Amino acid sequence: MATTCLELDLPQPFDFKNLLQAHSWVDLLPNCYHAEEISFSRIEELSSAKVVELVIAAPDERVRVTIRHASRLSAGDLREVENRTRHMLRLDEDFTEFYRLCRRMGKPWSAMAPGKGRLLRSPGLFEDIVKVICTTNIQWGGTRRMVAEMVHAFGSPHPLDPELKAFPKPETIASLSLEDFQNQTRLGYRAPFIHQLAVDFYAGGDTFENLRDGGRTTSEIRKELLAIKGIGSYAAASVLMLLGRYDEIPVDSVFQQLMRAKYFKDNDFDLKKALAIYEEWGQWKYLAYWFDLLDYYQ
DNA sequence: TTCCAGGGGTAGA
DNA sequence: TCTACCCATGGA
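Residues numbered from 1 in each chain as written. Chains lettered and ligands numbered in written order. Predicted model: local features only at pLDDT ≥ 70, side-chain atom pairs only at ≥ 80, totals over all residues. Heavy atoms only, no water.

A. Structural detail: the overall build of chain A. A count of helical and extended segments in chain A gives 13 helices and 7 strands. Relative to its length of 298 residues, chain A is compact, with a C-alpha radius of gyration of 19 Å against a globular reference of 19 Å. By principal-axis analysis of the C-alpha atoms, chain A measures approximately 60 × 45 × 35 Å. Here chain A, with 298 residues, has 48% of them falling under the buried criterion. (Helix = DSSP H or I, 4+ residues; strand = E, 2+ residues; numbered from the N terminus. Rg over C-alpha atoms; globule rule 2.2 N^0.38 Å. Buried < 20%, exposed > 50% of the residue type's maximum accessible area, 1.4 Å probe, protein only.)

What follows is the structure, encoded as structure tokens:
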């Protein structure tokens, strides 16, 4: 076994612990949260087909990525690990304007300004879209189970610890018949959506990479997301957040519960009035809602 | 047993 | 654009 370390500068301010704890992506395989060390690990399959383990921590003002690997890593492999880490931690997103708005809005949002607001995401868009589909119409325990079943059934194993596996590649799922895919996982009616997504990603991944195009409007990208089977308004808002666009609020049972508990009495919940609560946050609505939620239930 | 969960697709109005 | 109905699965 060999171990290689990478260190990356963190933009300041940056709250790494909050990035891990603020939403539950760190609880979904292949991510593994290490609460005591304030770190997480995950198995990654690189473009070179090497399967490595990344352990990511931020003990000071830098990110430390410890890579456990079986064979020698090339400069290209290391560059890929760096790029994937930067994407997961959103190191290149600018939250300056959001923090300014938080300070102006007062409590509870003023507590955001010292570096909170970054929500962990996956290195690849396929993984994030599949996981969002797995959050629909099911409790969180079911989401974890479905994601774990896909990773165990179709993920590439780490050569030094075959029980640890990467998130499945689109081509692995696309190479299976829908029937075989369904028989090896319990995804319910979501199975055809995820299988088709894998087929489409494998056939034209570049089309999906266009969703990351910063030059396009959120409504353009939202329209394309809604064209994906299995993605409705809630899931589109969630994927937009994972793309770094916070304009849309994911209206689901969690949102409605918070609204009924905090802002509406008895049965006078009104969706338009509820959405209007966050209107003044403009392009930061998702984060304003999300941290309002965390503050209320903490 | 029944309800429903970090909803979405479809048909029909 | 809105509504009704159906959709697998499993926890409560």
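B. Structural detail: the side chain of T143. Note on placement: T143 falls in helix α5 (residues 140-154). On the basis of relative accessible area, T143 is assigned to the buried category, the value being 0%. If we skip the residues at most four places from it in the chain, T143 touches L28, K131, C134, T135 and I138. (Contact = heavy atoms within 4.5 Å.)

C. Fine view of the protein's contact with DNA strand C. As a matter of local geometry, DNA strand C sits amid N137, Q139, R145, R186, G188, Y189 and R190. Of all atoms in DNA strand C that approach within 4 Å of the protein, 58% are sugar or phosphate atoms. One of the side-chain nitrogen or oxygen atoms of N137 is found 3.4 Å away from a base nitrogen of DNA strand C. Looking at the surface near DNA strand C residue by residue, the class counts come to 1 nonpolar, 3 polar and 3 charged. (Near = heavy atom within 4 Å. Polar contact = N/O pair within 3.5 Å; in protein donor to acceptor, adjacent residues only side chain to side chain. Nonpolar A, V, L, I, M, F, W, Y, C, P; charged D, E, K, R; others polar.)

D. Representation of the pairing of strand β3 (residues 39-45). With 7 of its 7 residues buried, β3 lies for the most part within the structure. A two-sided burial pattern is seen for β3, the buried positions comprising S39, S41, I43 and E45 on one face and F40, R42 and E44 on the other. As paired strands, strand β2 (residues 32-34) and β3 are joined by 3 bridges and run antiparallel to one another. From the neighbouring strand, H34 faces β3, where its bridge partner is S39. From the end of β2 to the start of β3, which pair antiparallel, there are 4 residues, and I38 there has a positive phi angle of about 50°. (Pairing = 2+ DSSP bridges.)

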